[in-house]
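If you want the building blocks of each chain, they are given just below.
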Amino acid sequence: AGMREAILASPIVGLDSEWRPTQQQAPPNGETTGGGGRCPLQLLQLATLEIAFLIDLPAMDTSQALSSALQAIFASPTVVKVGCDARQDVAKIGKTFPALAEASRTVAPLADVQDLEAERRAKAQGIGKKRAREGVSLSSLTEQYLGKPLDKSLQVCDWGRRPLSEAQRRYAALDAYVPARIYADHFSSLSSSSSSAAA
């Protein structure tokens, strides 16, 4: 099955994006150094609990098929989109790639594992949410809930260089898979009960 069908058949999809570090600027002559050109946003990752998709945004930003697939996925009420600071990722996709702006305008339901963990800690410890959020990162949540920290050593590598290395592809896939796994195992019932209580 294609990406659209695989994700729409899943109740949860993790999402993340990778950026070119700000110190890696395009050369002064305007030439590009790999597939990313001048765009700092390089990759969108979407992962169900079974499969991950890595989308080269600078190469596909004008694809009508991609825009249509993302719009269907992001707006689907039956697929919970999960990430770590995912609202920021989605907003920057729409801002950076005008052809994908419509697709990224409505993303719901959207769950953020950092926010969910901060809410859990605030309630359990009787502290404010801002204080409860201190030290909460995807790596720390991975260690807490999955037993091993997430290796973030490739976070600031050159995400604009093509082809991506096997290590980059694995890192990118895990960055989308891990929030989905943590949400599915530890927060999905909490999130759905708070959603139904709000309705």
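Just above, that's the structure.
Computed from a prediction, not measured in an experiment: that's the story for all the values here.

**Remarks on the pattern of salt bridges**
This structure, assessed with the given rule, holds 11 salt bridges. Among the ionic pairs, glutamate 119 bridges to lysine 129, the shortest N-O distance being 3.5 Å. Linking glutamate 119 in helix H6 (residues 113–125) with lysine 129 in helix H7 (residues 129–133), this pair joins segments that are 10 residues apart in sequence. A residue is classified by how much of its surface remains accessible, and glutamate 119, at 39% relative accessible area, is partly exposed. Between arginine 161 and aspartate 158 there is a salt bridge whose closest N-O contact spans 3.7 Å. Taking relative accessible area as the criterion, arginine 161 reaches 48% and is therefore assigned partly exposed. What makes aspartate 158 buried here is its relative accessible area of 16%. It is possible to trace a salt-bridge network through shared partners that takes in Arg20, Asp158 and Arg161.

**Here's the deal with the sheet that holds strand E4 (residues 80–83)**
The strand order across the open sheet formed by five strands is E3-E2-E1-E4-E5, and the pairing between neighbours is mixed. The outermost strands of the open sheet, each flanked by one partner alone, are strand E3 (52–56) and strand E5 (110–112). In this sheet, neighbouring strand axes are inclined to one another by 25° on average, regardless of whether the strands run parallel or antiparallel. Direction of pairing for E4 relative to E5: parallel, over a ladder of three bridges. Counterpart to valine 82 in the pairing with E5 is alanine 111. The strands touched by H6 within the sheet are E4 and E5, with E5 carrying the most contacts at an inclination of about 60°.

**What about the nonpolar core?**
The biggest cluster of nonpolar side chains holds 26 residues, and the ones touching the most others in it are Met3, Ile7, Leu46, Leu57 and Leu70. At the level of secondary structure, the elements contributing two or more residues to this core comprise helix H1 (3–8), strand E1 (12–19), strand E2 (41–47), E3, helix H3 (64–75) and helix H4 (86–96). When residues in this core are grouped by element, the largest group, five residues, is from H3. Those residues in contact with leucine 70 that lie beyond four places of it in its chain are Leu44, Leu46, Leu100 and Ala103. Ranked by size, the runner-up nonpolar core spans 17 residues in total, among them Val136, Leu138, Leu150 and Val178.

Reading guide: rules and limits
- Residues numbered from 1 in each chain as written.
- Predicted model: local features only at pLDDT ≥ 70, side-chain atom pairs only at ≥ 80, totals over all residues.
- Heavy atoms only, no water.
- Salt bridge = Lys/Arg side-chain N within 4 Å of Asp/Glu carboxyl O.
- Helix = DSSP H or I, 4+ residues; strand = E, 2+ residues; numbered from the N terminus.
- Buried < 20%, exposed > 50% of the residue type's maximum accessible area, 1.4 Å probe, protein only.
- Pairing = 2+ DSSP bridges.
- Axes fitted to C-alpha atoms, helices over the stretch in contact; angles between N-to-C directions.
- Contact = heavy atoms within 4.5 Å.
- Core = buried A, V, L, I, M, F, W, Y, C linked by side-chain atoms within 4.5 Å.

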